[in-house]
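For reference, the chains in residue letters:
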Amino acid sequence: MTTMTTPTELSDTELLRQAKGGAAAAFAALYRRHQGPLYRYAMLRSGSPATAADIVQEAFMGLLTGRLQFDPLRGQLQHFLFGVARMLALRQEPHAAHRAAPVHGDASDEDLEPELASEAPEPLARLLDNEAAEEVRRALAMLAPHYRDVVILYELHDLSYLEIAGICQVDIGTVRSRLSRGRAALAKRLAQHRPATAA
Amino acid sequence: MNDDMTNDSILAAPMATLRAEMEKQAAPTGVEDALMLAFAQAHPARRWYHTLGAGRWRIAGGLTAAALALLVLAIAPQPAVQMAPGQQSLAALEAGGEFIALDSLDRIEREPAPRMVETELPRTALAPLGVEITPENAGESVKAEMLVAANGDPLAVRLTSLN
């Protein structure tokens, strides 16, 4: 007896293999499986739905054309895509060259203030319908990008320090310190808004 | 540590709210449309013969070559049969007025009541005996004497008016 396997039940690696062989259904299944988390990360990271859509499209286009080579032995496809999205987001920021350089040990990183004016085009433009959620998003958008990365990946995507370290190309100690400082800055900003909203 | 716990208490509810709201967000459908269009252009539809592997192509090629070789052998002009010195065709034997056996000699000798009948045979029916056929004489008949058995089976024939 043979059993039918739908694309949604297959592993990322198998779907990728089939997609490279020309199976459109496999590529579509792969896209639908990962587009949501990737888009949400890119949207919070960039503060712009249009930029997030561009990032998602470019990341998958890279897989399609073979310009991006995913190695299953080096981790999960979703983490690989997060890393690609992060690099694409960095490229779209002003002073990208300065920020794109990987920081290991990150002593200089600790000198940076976590809470900086966002470089997103319209950080305060409303993106979410829910007022409370929008307030958190705006607070998140005010964090410096390298703090924003770790906070988004940890708080909203439930990734471990090790996984975040792989995506952001930094060591675990740097992830820990960025997360601690980023969360502190976020909490401070939200706490400041709390009395105002309660009033 | 206390700072972290304080931050946890401050961030827990807002982050849960943000997470719930973000779950509703997805990439615009136009992104998928564009990607699938690009995919279709990168992977044009394959014909059935593109799906055959190299091994199957080798087998198919071998079979085709063998079939062609057989076909060539079948349709190639066959060399004329050369008569050995002293050997005569049946038609030549006829010229000498000899009978041409149509059955075994043993069967002819054992026939108790053979009889001779005169008949005419179409020239085309005599072609296996070496009688020449041309477009001009193909429709003609040849007179013959035929030795037949009591039951009517032909035993031997002698052509009497080949020309």
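Residues numbered from 1 in each chain as written. Chains lettered and ligands numbered in written order. Predicted model: local features only at pLDDT ≥ 70, side-chain atom pairs only at ≥ 80, totals over all residues. Heavy atoms only, no water.

**Some details on the overall build of chain A**
A count of helices and strands for chain A gives ten helices and zero strands. Taken from the N to the C terminus, the helices and strands of chain A come in the order α-α-α-α-α-α-α-α-α-α. Among the 199 residues that make up chain A, the fraction classed as buried is 50%. Considering only intrachain contacts with a sequence separation of at least 6, the fraction spanning at least 24 residues in chain A is 62%. Counting every atom, chain A has about 9600 Å² of accessible surface; 55% of that belongs to carbon and sulfur. (Helix = DSSP H or I, 4+ residues; strand = E, 2+ residues; numbered from the N terminus. Buried < 20%, exposed > 50% of the residue type's maximum accessible area, 1.4 Å probe, protein only. Contact = heavy atoms within 4.5 Å. Areas by Shrake-Rupley, 256 points an atom, 1.4 Å probe, with all protein chains shown as cover.)

**Description of the pattern of salt bridges**
Tallying each qualifying case throughout the model produces 17 salt bridges over all chains. The partner of Arg45(A) in a salt bridge is Asp149(A), and the shortest N-O contact between them spans 2.5 Å. Placement of Arg45(A) in helix 2 (residues 24-46) and of Asp149(A) in helix 8 (residues 145-156) is noted, with a sequence separation of 104 residues between them. For the pair shown, Arg45(A) and Asp149(A) are each scored as buried. The residue Asp153(B) makes a salt bridge to Arg107(B) at a minimum N-O spacing of 4.0 Å. Here Asp153(B) is found in the loop between strand 3 (141-148) and strand 4 (154-159), whereas its partner Arg107(B) is found in helix 5 (residues 105-110), with 46 residues between them in sequence. (Salt bridge = Lys/Arg side-chain N within 4 Å of Asp/Glu carboxyl O.)

**Describing the confidence of the model for chain A**
Considering every residue of chain A, the mean pLDDT works out to 83; 78% of them sit at 70 or more. Taken together, the stretch residues 96-108 of chain A has pLDDT below 50 and engages in 20 contacts with residues farther than four places along the chain or on a different chain. (pLDDT = per-residue confidence, 0-100.)

**Regarding unusual backbone geometry**
A negative phi angle characterises most non-glycine residues, just as the trans form characterises most peptide bonds. Residues and elements named next belong to chain A. Residues other than glycine seldom take positive phi values, yet Asp158 does so here, at roughly 55°. Along the chain, Asp158 turns up in the loop between helix 8 and helix 9 (161-168). Look at Asp158 and you get exposed, because its relative accessible area is 54%. Here Gln169, not a glycine, exhibits a phi torsion of approximately 60°, which is positive. Secondary-structure assignment places Gln169 in the loop between helix 9 and helix 10 (172-198).

**With respect to helix 2 (residues 29-42) of chain B**
Given 3.6 residues per turn, any residue in an α-helix points the same way as the ones three and four places further on. In this model helix 2 of chain B runs 20 Å from its N-terminal to its C-terminal C-alpha over 14 residues, within 8% of the 20 Å that 1.5 Å per residue would give. Of the residues making up helix 2 of chain B, those classed as buried are Val31(B), Glu32(B), Leu35(B), Ala38(B) and Phe39(B). On an axial view of helix 2 of chain B, the arc spanned by its buried residues comes to 130°, and they lie on one face. Exposed positions of helix 2 of chain B whose direction lies more than 90 degrees from the buried face are Thr29(B), Asp33(B), Leu37(B) and Gln41(B). Elements that come into contact with the buried residues of helix 2 of chain B comprise helix 1 (12-20), helix 2 and helix 3 (49-65) of chain A. (Expected span 1.5 Å × (residues − 1). Arc of directions from axis to C-beta.)

**What to know about the interface of chain B and chain A**
Each partner contributes to the interface: chain B provides 26 residues, whereas chain A provides 40 residues. Across the chain B/chain A interface, buried area totals approximately 3100 Å², and carbon plus sulfur atoms make up 68% of it. Taken as a group, Met22(B), Leu35(B) and Phe39(B) account for 19% of the area that chain B buries against chain A, more than any other trio of residues on that side. Scanning the region where chain B abuts chain A turns up four salt bridges. Here Glu32(B) makes a salt bridge to Arg32(A), at a shortest N to O gap of 2.6 Å. Taken together, chain B and chain A are joined by eight residue pairs in polar contact (both at pLDDT 80 or more). Looking at the side of chain B that touches chain A, the elements with two or more residues in it are helix 1 (2-22) and helix 2 of chain B. Here the side of chain B that touches chain A takes twelve residues from helix 1 of chain B, the largest share from any one element. Among the residues making up the side of chain B that touches chain A, the classes are represented as 16 nonpolar, four polar and six charged. (Buried area = accessible area lost by both parts, 1.4 Å probe. Polar contact = N/O pair within 3.5 Å; in protein donor to acceptor, adjacent residues only side chain to side chain. Nonpolar A, V, L, I, M, F, W, Y, C, P; charged D, E, K, R; others polar.)

**Some points on the sheet that holds strand 4 of chain B**
Residue and element names in this part refer to chain B. Read from one edge of the open sheet, four strands run 1-4-3-2, paired in antiparallel fashion. With one partner strand each, in any of the chains shown, strand 1 (100-101) and strand 2 (115-122) form the two edges of the open sheet. The pairing of strand 2 with strand 3 spans eight bridges and is classified as antiparallel. Within strand 3, the residue paired with Glu118 across the bridge is Glu145. (Pairing = 2+ DSSP bridges.)

**Overview of the pairing of strand 3 of chain B**
For strand 3 of chain B, the tally of buried residues reaches six of eight residues, placing the bulk of the element in the interior. Counting the residues that bridge the hairpin from strand 3 of chain B to strand 4 of chain B gives five residues, and of these Gly152(B) lies at a positive phi of roughly 95°.

**Observations regarding the packing of helix 2 of chain A against helix 3 of chain A**
Helix packing for two helices is described by the angle between their axes and how far apart those axes are. Residue and element names in this part refer to chain A. Their axes nearest at 8 Å, the elements helix 2 and helix 3 cross at an angle of 140°. In this view, helix 2 runs oblique relative to helix 3, as classed from their interaxial angle. Where helix 2 crosses over helix 3, the two elements pack in a sense that is right-handed. In this structure, helix 2 uses Phe27, Leu30, Tyr31, His34, Gln35, Leu38, Tyr39, Ala42, Met43 and Ser46 to contact helix 3, whose residues at the interface are Pro49, Thr51, Ala52, Ala53, Ile55, Val56, Ala59, Phe60 and Leu64. (Axes fitted to C-alpha atoms, helices over the stretch in contact; angles between N-to-C directions. Parallel < 35°, antiparallel > 145°, perpendicular 65-115°, else oblique. Left-handed = near helix turned anticlockwise from the far one by under 90°.)

**Some remarks on the environment of Thr119(B)**
Residues and elements named next belong to chain B. Summarising the element assignment, Thr119 is placed in strand 2. Separated by 23 residues in the primary sequence, Thr119 and Val142 place their C-alpha atoms 8.4 Å from one another. Here Thr119 is in contact with Val142, Lys143, Ala144 and Met146, once residues within four sequence places are set aside.

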